[in-house]
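# Topology and contacts: notes
Letter by letter, the chains look like this.
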Amino acid sequence: MTAKTFTQPTFTSQIVNGLLSIKPLANFAKSRARSMMIERAERLGVPWRKRFQEYQQIDWAPYLSTVQNLQLPYPDYYLRAFHAYENGNLSWDAAWEVESAAYSVHSGIWKDANPQGDAKLRQSYHAVMLDKMATPPQRILDLGCSVGMSSFALQDTYPHAEITGVDLSPYFLAVAQYNSQQRPKAIAWKHAPAEATGLESASFDLVSACLMFHELPATIACQIFTEAQRLLSPGGYFTLMDMNPQSEIYEKMPPYILTLLKSTEPYLDQYFSLDIAAILSELGFRNITITPNSPRHRTIVAQK
Ligand SMILES: C[S@@+](CC[C@H](N)C(=O)[O-])C[C@H]1O[C@@H](n2cnc3c(N)ncnc32)[C@H](O)[C@@H]1O
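Basis of the calculations
Residues numbered from 1 in each chain as written. Predicted model: local features only at pLDDT ≥ 70, side-chain atom pairs only at ≥ 80, totals over all residues. Heavy atoms only, no water. Salt bridge = Lys/Arg side-chain N within 4 Å of Asp/Glu carboxyl O. Helix = DSSP H or I, 4+ residues; strand = E, 2+ residues; numbered from the N terminus. Buried < 20%, exposed > 50% of the residue type's maximum accessible area, 1.4 Å probe, protein only. Axes fitted to C-alpha atoms, helices over the stretch in contact; angles between N-to-C directions. Parallel < 35°, antiparallel > 145°, perpendicular 65-115°, else oblique. Left-handed = near helix turned anticlockwise from the far one by under 90°. Contact = heavy atoms within 4.5 Å. Nonpolar A, V, L, I, M, F, W, Y, C, P; charged D, E, K, R; others polar.

Here we take up the pattern of salt bridges. Counting across every chain of the model gives 8 salt bridges. Across the pair Asp156 and Arg183 runs a salt bridge whose closest N-O atoms are separated by 2.6 Å. Here Arg183 lies in the loop between helix 8 (170–179) and strand 3 (188–191) and Asp156 lies in helix 7 (residues 149–157), a separation of 27 residues in the sequence. For Asp156, a relative accessible area of 53% puts it in the exposed group. For Lys185, the salt bridge goes to Glu162, with nearest N and O atoms at 3.1 Å. In this pair, Lys185 sits in the loop between helix 8 and strand 3 while Glu162 sits in strand 2 (residues 162–167), placing the two residues 23 residues apart along the sequence.

With that out of the way, let us pick up the packing of helix 6 (residues 117–132) against helix 7. Their axes nearest at 10 Å, the elements helix 6 and helix 7 cross at an angle of 50°. Considered as vectors, helix 6 and helix 7 are oriented oblique to each other. As helix 6 packs across helix 7, the resulting crossing turns out to be right-handed. Side by side, helix 6 and helix 7 meet where Asp118, Arg122, His126, Met129 and Leu130 of the first sit next to Met149, Ser150, Ala153, Leu154 and Thr157 of the second. Residues belonging to the contact of helix 6 with helix 7 are distributed by class as follows: 5 nonpolar, 3 polar and 2 charged.

And the structure:
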């Protein structure tokens, strides 16, 4: 990685970071961000608390034991508090709430906020993929698959493909396993870090990472690009969809809202400062494109 692949955080970002280094302020921001999300979800008809209670009633032990690798060590960056959860993604609370959170957060992307924003966001990502990729992929890897929302969306777009989902949270994968019982075709879930999946080289036509990179330190992001390159067969595609740092929405975001956002996303600055196209190009990827697919998201496509 060269110096040109990074930019400095803005002045506003530096002030916000200063505020968030004050623990009581950070805690207040986190709890405010969380209650705003729940209120918005329930106003829109997403039954956040009801769904949580339903999930609480399920016996999760069989689902967890199917997906969990008990020997897996967790990297330090993954053990930080995230999204207002003290244990980050390593908790049942996070696993039972992440779908509702996605509906809530994505409901406001387009005008006339509604819970269909999440489905529309995923469709807009796949529309770019369909446009840029010459042939439909047969073997797809979904990095950071969480509870399966992105894997299921990929399966709806490519119903004949064999799909594998990788995630570091066994709780999320257990929910993915539970939810995939309703799906037409099985998905292989793998509990592993995206930067060292342990999967066979050149075994995928498409490696997709949906909404994962904003959760990663820059060094890990770079390791994942290298791992994706290893996993792709020649001519295969790496695609990622995530927040668009060039979007006016982030550039003009009021500091108060930015503070709430950053209080729950510890690596956001690192993601925003990474020049992903330059890194992919240095690694030898070609046909690299960056396409805005929502008012605040972008899709990057690169071919091995
Ligand atoms: C915001 S969620 C996105 C989930 C999903 N792809 C979607 O579109 O809804 C990011 C996911 O990446 C996972 N994750 C973060 N770092 C990871 C890593 N190094 N390896 C594997 N998964 C990781 C988290 O556990 C979480 O499930």
